[in-house]
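So the chains spell out like this:
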Amino acid sequence: MKRFAQARGIALAQPPDFKNLQDIERVRALRADALVVAAYGLLLPRELLGAGRYGALNIHASLLPRWRGAAPIQRALLAGDAQTGISIMQMDEGLDTGPVFEQVASAITPDDDAGTLHDRLAELGAGLIVEVLGELADGRARPTPQPQAGVTYARKIDKREAELDWTRPAAELERAVRAFRPTPGAAARLDGEPLKIWRARVVDERLTPGTLSPELVAGCGEGALRILELQRAGGKRLAAAEFLRGHPVAPGARLG
């Protein structure tokens, strides 16, 4: 949006927060039809929630009330949800608690990661917000209060969460690899050296949790994970076969 505005000479403001009353008044003075928020990262103050003729609308990347909060895409992947989607919500003073105008669902495929899901939901959200704004202008939009049942919270991702715990089931760790791709990357240690695991699949093998075979099969608390793409600290992302040509793994290697 910033690049779009700059390229067309549209006025741009980037307040770090809304503690400065001048920033609030600058927005209010625009007398906008609506304020539209997408992955903004700041809660709008009460003075701005009603600043637009139609209030403030949020393009939220989940099917509310599931996954209110900062990281709905990653949390949906980590939980193994079969689907997620986009909600166009009227903002209130709560955390993603306002009534919903429209929703559209999208299936989560076995190959989806946070990057592919983000891009697909961005496309859906772009189309849906235009549709809802048109309905508001025509007087046809009617938001529906969120149900009390099914509320979950998508807390912000902590980098420590990306450290794989090999006592967990392989299916859970495979979801984590996808949830933390492209950032921050699922983290492990191979014989004490930092490692990022970018792609993996669940296999029906049994190894001691934390053990890594010479074929890059990692033992988990339940099942095993075949590592398909990985990266040493300071190195490039490599497919498993290419990695092994330069860094063969000895029997009994340990993952931390």
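As a reminder, the structure under discussion sits directly above these lines.
Only a predicted model underlies this, so the values are computations on that prediction, with no experimental measurement involved.

Asks: Could you clarify how one ought to interpret the side chain of threonine 152 in this entry?
Replies: Examined against the element boundaries, threonine 152 turns out to sit in the loop between helix H5 (114–138) and strand S6 (153–154). A distance of 2.7 Å separates the side chain of threonine 152 from the backbone nitrogen of tryptophan 67, its partner in a polar contact. Dropping the residues within four chain positions of it, threonine 152 is found in contact with Pro65, Arg66, Trp67 and Arg68.

Asks: How should I be thinking about the pattern of salt bridges in this particular structure?
Replies: Note that side chains of opposite charge can pair when their charged atoms are close. This model, assessed by the stated rule, comprises 14 salt bridges. Between arginine 120 and aspartate 112 there is a salt bridge, with the nearest N and O atoms lying 2.7 Å from each other. Residues joined in a network through salt bridges with shared partners are Arg75, Arg155 and Glu161.

Asks: Is there a simple way to think about the pairing of strand S7 (residues 186–190) in this case?
Replies: Taken residue by residue, a regular strand's side chains alternate between the two faces of the sheet. Counted residue by residue, S7 has four buried out of five residues, so it is predominantly covered. Bridge analysis of S7 against strand S8 (residues 193–203) gives five bridges, and the strand direction is antiparallel. The residue bridging alanine 188 from the neighbouring strand is leucine 195, located in S8.

Asks: Could you clarify how one ought to interpret the packing of helix H4 (residues 72–79) against helix H6 (residues 170–179) in this entry?
Replies: Two numbers describe a pair of packed helices, the interaxial angle and the distance between the axes. Taken N-terminus to C-terminus, the directions of H4 and H6 make an angle of 160°; their axes are 8 Å apart at the nearest point. Comparing their axes, H6 and H4 come out roughly antiparallel. Considering how the two elements wind past one another, H4 and H6 form a crossing that is right-handed. Contacts between H4 and H6 pair Gln74, Leu77, Leu78 and Ala79 from the former with Arg175, Ala176, Arg178 and Ala179 from the latter. Residues of the contact of H4 with H6, tallied by class, amount to five nonpolar, one polar and two charged.

Asks: Sorry if this is basic, but what is going on with the environment of leucine 225 here?
Replies: Its place among the elements puts leucine 225 in strand S11 (residues 224–232). The buried category is assigned to leucine 225, whose relative accessible area is 0%. Each C-alpha atom, one on leucine 225 and one on arginine 26, is 53 Å from the other, the two residues being 199 residues apart in sequence. The residues contacting leucine 225, other than those within four sequence positions of it, are Trp166, Ala170, Leu173, Glu174, Ala200, Arg201, Val202, Val203, Leu216, Val217, Ala218 and Cys220.

Asks: So what exactly am I meant to see when it comes to a nonpolar patch on the surface here?
Replies: A grouping of Leu43, Leu95 and Tyr153 is seen on the molecular surface, where their side chains present a nonpolar patch of about 330 Å² in accessible area. Locating leucine 95 in the fold gives a position in the loop between strand S4 (83–90) and strand S5 (100–107). Taking relative accessible area as the criterion, leucine 95 reaches 41% and is therefore assigned partly exposed.

Asks: Looking at this structure, I do not really get H4. What am I missing?
Replies: Residues of H4 that are buried include every one of Pro72, Ile73, Arg75, Ala76 and Leu77, and no others. Lining the buried residues of H4 we find strand S2 (56–60), strand S3 (68–69), S4, H5, S6 and H6. Trailing H4 by a residue or two, glycine 80 shows a phi angle of about 75°, which is positive.

Asks: I tried to follow the packing of aromatic side chains on my own but got confused; where do I start?
Replies: The description of an aromatic ring pair uses the distance of the two centres, along with the angle that the planes make with each other. Scanning all chains against the criterion turns up zero aromatic pairs. Above the ring of phenylalanine 4, the side-chain terminus of arginine 8 is found at 3.8 Å from the ring centroid. Positioned above the aromatic ring of tryptophan 198, the side-chain terminus of arginine 237 is 4.3 Å from the ring centre.

Asks: Any chance you could explain the environment of glycine 210 here in plain terms?
Replies: Locating glycine 210 in the fold gives a position in the loop between S8 and strand S9 (211–212). Overall, the relative accessible area of 2% leaves glycine 210 in the buried class. Among residues more than four places away in sequence, those in contact with glycine 210 are Trp166, Gly219, Ala253, Arg254 and Leu255.

Asks: Honestly, the nonpolar core in this entry has me stumped. Any pointers?
Replies: One broad trend across soluble globular proteins is that nonpolar side chains are buried collectively. One finds Leu164, Trp166, Ile197, Leu212 and Leu216 to be the most contacted residues of the largest nonpolar core, which totals 27 residues. For this core, the secondary structure elements donating two or more residues are H6, S7, S8, S11 and helix H7 (240–246). If we skip the residues at most four places from it in the chain, leucine 216 touches Leu225, Arg226, Ile227, Leu230, Ala240, Phe243, Leu244 and Val249.

Asks: What is the right way to look at H6 in this model?
Replies: For an α-helix the count is 3.6 residues per turn, leaving residues at separations of three or four pointing the same way. Within H6, seven of the 10 residues are buried, which leaves the element mostly enclosed by the surrounding structure. Contacts made by the buried residues of H6 are with H4, H5, S7, S8 and S11.

About the criteria used
- Residues numbered from 1 in each chain as written.
- Predicted model: local features only at pLDDT ≥ 70, side-chain atom pairs only at ≥ 80, totals over all residues.
- Heavy atoms only, no water.
- Helix = DSSP H or I, 4+ residues; strand = E, 2+ residues; numbered from the N terminus.
- Polar contact = N/O pair within 3.5 Å; in protein donor to acceptor, adjacent residues only side chain to side chain.
- Contact = heavy atoms within 4.5 Å.
- Salt bridge = Lys/Arg side-chain N within 4 Å of Asp/Glu carboxyl O.
- Buried < 20%, exposed > 50% of the residue type's maximum accessible area, 1.4 Å probe, protein only.
- Pairing = 2+ DSSP bridges.
- Axes fitted to C-alpha atoms, helices over the stretch in contact; angles between N-to-C directions.
- Parallel < 35°, antiparallel > 145°, perpendicular 65-115°, else oblique.
- Left-handed = near helix turned anticlockwise from the far one by under 90°.
- Nonpolar A, V, L, I, M, F, W, Y, C, P; charged D, E, K, R; others polar.
- Patch = residues over 30% accessible without salt bridge, like charges linked within 9 Å, V, L, I, M, F, W, Y side chains within 5 Å.
- Areas by Shrake-Rupley, 256 points an atom, 1.4 Å probe, with all protein chains shown as cover.
- Phe/Tyr/Trp six-rings, centres within 6.5 Å; stacked < 30°, edge-to-face > 60°.
- Lys NZ or Arg CZ within 6 Å of the ring centre and 35° of its normal.
- Core = buried A, V, L, I, M, F, W, Y, C linked by side-chain atoms within 4.5 Å.

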